[in-house]
Amino acid sequence: MGFSVSLHLSYKKWLFFVLSSAYLVVFIQNVAITVVTPDVMQDLGLSSGDMCLLGSVYLYAYALTQVFSGILSTRFGPRRLLSCQFLVAALGGFLFATAHSLPMAVAGRLLNGLGMAGVMSSSFTLFSRWFAPETFSRLCTLFFIAGGMGGLLATTPLSLTNHWVGWRLVFLALSVLTCSLTVIIYTVVRDWPPHLAATCSGIRLADMLRDVAAMARQSDFWKMVVWYLTLPSQYFVFHGLWGAVYMGGTFGLSPSLIGNILAMGAVGFIAGTPLLTWISEKRLKSRRKAMILASLLACVSGAALSLGSAGLSVPLLFVVSLGLGIAANGPCPVGYATGRERFGNRMVGSLSGILASSVFVGGALLQLISGALLSFAQQAGLSQPWTWAFAPLALLAAVSALAAWLLPETFVDKNNKNNMLIEIRTKVS
């Protein structure tokens, strides 16, 4: 009996390690394009508009697939879904690495986005099945730290690697790594714990769709969608596309210094998750207030980037990058915990897929909007075109703060239940 329990716990650790490794690779793919943007533009002869399309097509594919990934993961099993999607992602990475035209590069990034989209929703589904409910927020925090590590690797280390071997070999190596993970996922991941596998494997698609429709009729669901649409998505504008071009063109900074500045966003991405979770649970004892706090941080950082686009010092660029990184990823585990507490464990996979898709839809739209504003300002001969490109960040951060303020509080202090009056509405009618 003792050996069986030990083996069970050991498997959980391996399962979490594999899922976190997959998410690390996802985030390398999410933001790697910004570091190699100048080289890709020069190699393929792309304009700023072409680069916006190349950057956003990945996010569109990722976002649209996320909507269905949670449902498909619950219906057909995370193991099969993740294995198939990572195989598609590996093919897309190879296609992009060998591209010699814009259509071929777009096709590669499209397939890559389709393949990377199922990791979060499938992982959250597995967390809800294999781990105790009270550990969900902690697991999400560690999971997002792994993603932040991927974002960190996609800054200075990837910039140096790109300088040494070129962007094509970088993305070819990522394709090989993704293919290897496909084999590992199929070998390691199991959809259900042994004692539940026989009774829980058959979930009707019609029942799932009915539950999703019921959830979508709740106003709190749409408030959460708006929050994810307007706050975490901001990371893809500065860190995911324009950061290197902006700092190199405006201030003439070296690639290594640009990589270090962007790396501060990844540091904020990593440190922000445990920080905001700790603030939420130990200091504020509120999930809603922590989400509002992150929105205000993004508002200040975005305003500084827009209003001071031509006059920011290098230290301030480090601070802005850090602030945007913290605001983008730090409150996400708090938000997903809010969703689980509001709508229940049964909806974890579907809800996380929809919310994650909101992030990438917002990121893709923001990239296109910022690119359009940048082109408009350049064509109009305005003196500070980047002010226009970064203007939407502060405005949308204010919208996210309003959405979080309108959400109900779901946090319960287990050590002080009798002194708190918190309304938790968990029934989806």
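Treat the numbers as computed from the prediction; the structure is a model and nothing was measured.

Participant: Before we go on, may I ask you to explain the overall build of the chain in this structure?
Facilitator: A tally of regular secondary structure across the chain gives 18 helices and zero strands. The C-alpha atoms of the chain give a radius of gyration of 21 Å, which matches the 22 Å a tight globule of 429 residues would have. Along the first, second and third principal axes, the C-alpha atoms of the chain reach 65 × 50 × 40 Å. Residues counted as buried form 56% of the 429 residues belonging to the chain.

Participant: Quick question: what am I supposed to make of a nonpolar patch on the surface here?
Facilitator: Taken together, Phe94, Leu160, Trp164, Val165, Leu169 and Leu172 make up a surface patch of nonpolar side chains, about 590 Å² in accessible area. Counting residues per element, the ones that place at least two in the nonpolar patch are α7 (156-165) and α8 (167-188). Ranked by residues supplied to the nonpolar patch, first place goes to α7 with three residues. By the element assignment, Phe94 lies in helix α3 (residues 78-97). In this structure Phe94 comes out as partly exposed when scored by relative accessible area, which is 42%.

Participant: Help me understand empty space enclosed by the protein, please; the structure alone is not making it clear to me.
Facilitator: Where empty space is left can be seen by rolling a probe of water-molecule size over the atoms. Applying the stated criterion across every chain, the model contains three cavities of 30 Å³ or more. Lining the largest cavity are 16 residues, with Tyr23, Phe27, Pro232, Cys332 and Val359 positioned closest to its centre. Every element with two or more residues in the lining of the largest cavity is listed here: α1 (2-44), α12 (235-251), α15 (314-329), α16 (332-343) and α17 (348-379). No other element matches the three residues that α17 contributes to the lining of the largest cavity. In terms of residue class, the lining of the largest cavity is built from 15 nonpolar, one polar and no charged. Roughly 40 Å³ of volume is contained in the second largest cavity. Surrounding the second largest cavity, Val31, Thr34, Val35, Gly151, Ala154, Thr155, Tyr235, His239 and Leu262 form its lining. Sorting the residues of the lining of the second largest cavity by element identifies α1 and α12 as the ones contributing at least two each. For the lining of the second largest cavity, the class distribution of residues is five nonpolar, four polar and no charged.

Participant: What am I meant to see in the side chain of Ser358 here?
Facilitator: Locating Ser358 in the fold gives a position in helix α17. Classification of Ser358 as buried rests on a relative accessible area of 7%. Not counting the four nearest positions on each side in its chain, Ser358 is found in contact with Val225, Tyr228 and Leu229.

Participant: What is the right way to read helix α4 (residues 102-116) from this model?
Facilitator: Note that an α-helix has 3.6 residues per turn; residues three or four places apart therefore point the same way. Its 15 residues place the ends of α4 21 Å apart at the C-alpha level, agreeing with the 21 Å of an ideal helix rising 1.5 Å per residue. Considered for burial, the residues of α4 that qualify are Ala105, Val106, Gly108, Arg109, Asn112, Gly113, Gly115 and Met116.

Participant: Would you explain the packing of aromatic side chains in this entry?
Facilitator: The geometry of two aromatic rings is summed up by the distance between their centres and the angle between their planes. The final tally for this structure, using the stated rule, is 30 aromatic pairs. Measuring from centroid to centroid gives 5.5 Å for Trp386 and Phe390, while their planes differ by 20 degrees, and the two rings are stacked. Residue Trp386 and its partner Phe390 are both found in helix α18 (residues 385-406); the two are separated by four residues, about one turn of the helix. Grouping residues by exposure puts Trp386 and Phe390 together as buried. Taken together through their ring pairs, the aromatic side chains of Phe16, Tyr23, Phe27, Phe124, Phe127, Phe131, Phe136, Phe143, Phe144, Trp227, Tyr228 and Tyr336 make up a single cluster. The lysine or arginine in question, Arg79, covers the ring of Tyr186, its NZ or CZ lying 4.0 Å from the ring centre.

Participant: Honestly, helix α6 (residues 136-153) in this entry has me stumped. Any pointers?
Facilitator: Here α6 is 18 residues long and its end C-alpha atoms lie 26 Å apart, about the 26 Å a rise of 1.5 Å per residue gives. All buried positions along α6 are accounted for by Phe136, Ser137, Leu139, Cys140, Thr141, Phe143, Phe144, Ala146, Gly147, Gly148, Gly150 and Gly151.

Participant: I'm lost on the packing of α17 against α18 in this one. Help?
Facilitator: The relative placement of two packed helices is expressed as an angle between their axes plus a distance between the axes. Running from N to C, α17 and α18 point in directions that differ by 145 degrees, and their axes come no closer than 6 Å. Crossing angle aside, the handedness with which α17 passes α18 is right-handed. On the side of α17, the interface is formed by Leu366, Ile369, Ser370, Leu373, Leu374, Phe376, Ala377 and Gln378, while α18 contributes Pro385, Trp386, Trp388, Ala389, Pro392 and Leu396. For the contact of α17 with α18, the class distribution of residues is twelve nonpolar, two polar and no charged.

Participant: Sorry, what's going on with unusual backbone geometry here?
Facilitator: Trans is the common state for peptide bonds, and a negative phi is the common state for residues other than glycine. Within the chain, Lys285 stands out as a residue other than glycine whose phi angle is a positive 50 degrees. For Lys285, the location among the structural elements is in the loop between α13 (255-283) and α14 (287-307).

Participant: Explain the environment of Val334 to me, please; I cannot follow it from the model alone.
Facilitator: Structurally, the position occupied by Val334 is in helix α16. Between the alpha carbons of Val334 and Met264 there is a distance of 22 Å; along the sequence they are 70 residues apart. Leaving out residues up to four positions away in the same chain, Val334 has contacts with Leu276, Thr277, Ser280, Arg287, Ala290 and Met291.

Participant: It is not clear to me how the environment of Pro333 should be interpreted in this structure. Could you clarify?
Facilitator: Structurally, the position occupied by Pro333 is in helix α16. In sequence terms Pro333 and Gly92 are 241 residues apart; their C-alpha atoms lie 29 Å from each other. Non-local contacts of Pro333, meaning those with residues more than four positions away in its chain, are made with Ser137, Cys140, Thr141, Phe144, Thr273 and Thr277.

Participant: Would you take a moment to explain the confidence of the model for the chain for this structure?
Facilitator: As a general rule, the predicted coordinates of low-pLDDT regions are not to be interpreted in detail. When pLDDT is averaged along the chain, the result is 85, and 92% of the positions lie at 70 or above. A low-confidence stretch, residues 1-7 stays under pLDDT 50, and its non-local contacts, those more than four residues away or across chains, total zero contacts. Low confidence marks residues 417-429, where pLDDT is under 50. Its contacts with residues over four positions away, or in another chain, come to 26 contacts.

Criteria and cut-off values
Residues numbered from 1 in each chain as written. Predicted model: local features only at pLDDT ≥ 70, side-chain atom pairs only at ≥ 80, totals over all residues. Heavy atoms only, no water. Helix = DSSP H or I, 4+ residues; strand = E, 2+ residues; numbered from the N terminus. Rg over C-alpha atoms; globule rule 2.2 N^0.38 Å. Buried < 20%, exposed > 50% of the residue type's maximum accessible area, 1.4 Å probe, protein only. Patch = residues over 30% accessible without salt bridge, like charges linked within 9 Å, V, L, I, M, F, W, Y side chains within 5 Å. Areas by Shrake-Rupley, 256 points an atom, 1.4 Å probe, with all protein chains shown as cover. Salt bridge = Lys/Arg side-chain N within 4 Å of Asp/Glu carboxyl O. 1 Å grid on protein atoms, 1.4 Å probe; cavity = no way out; pocket = protein on both sides within 12 Å on 5 of 7 lines; lining within 4 Å. Points joined across faces, edges and corners; volume = space filled by probe spheres on them. Nonpolar A, V, L, I, M, F, W, Y, C, P; charged D, E, K, R; others polar. Contact = heavy atoms within 4.5 Å. Expected span 1.5 Å × (residues − 1). Phe/Tyr/Trp six-rings, centres within 6.5 Å; stacked < 30°, edge-to-face > 60°. Lys NZ or Arg CZ within 6 Å of the ring centre and 35° of its normal. Axes fitted to C-alpha atoms, helices over the stretch in contact; angles between N-to-C directions. Left-handed = near helix turned anticlockwise from the far one by under 90°. pLDDT = per-residue confidence, 0-100.

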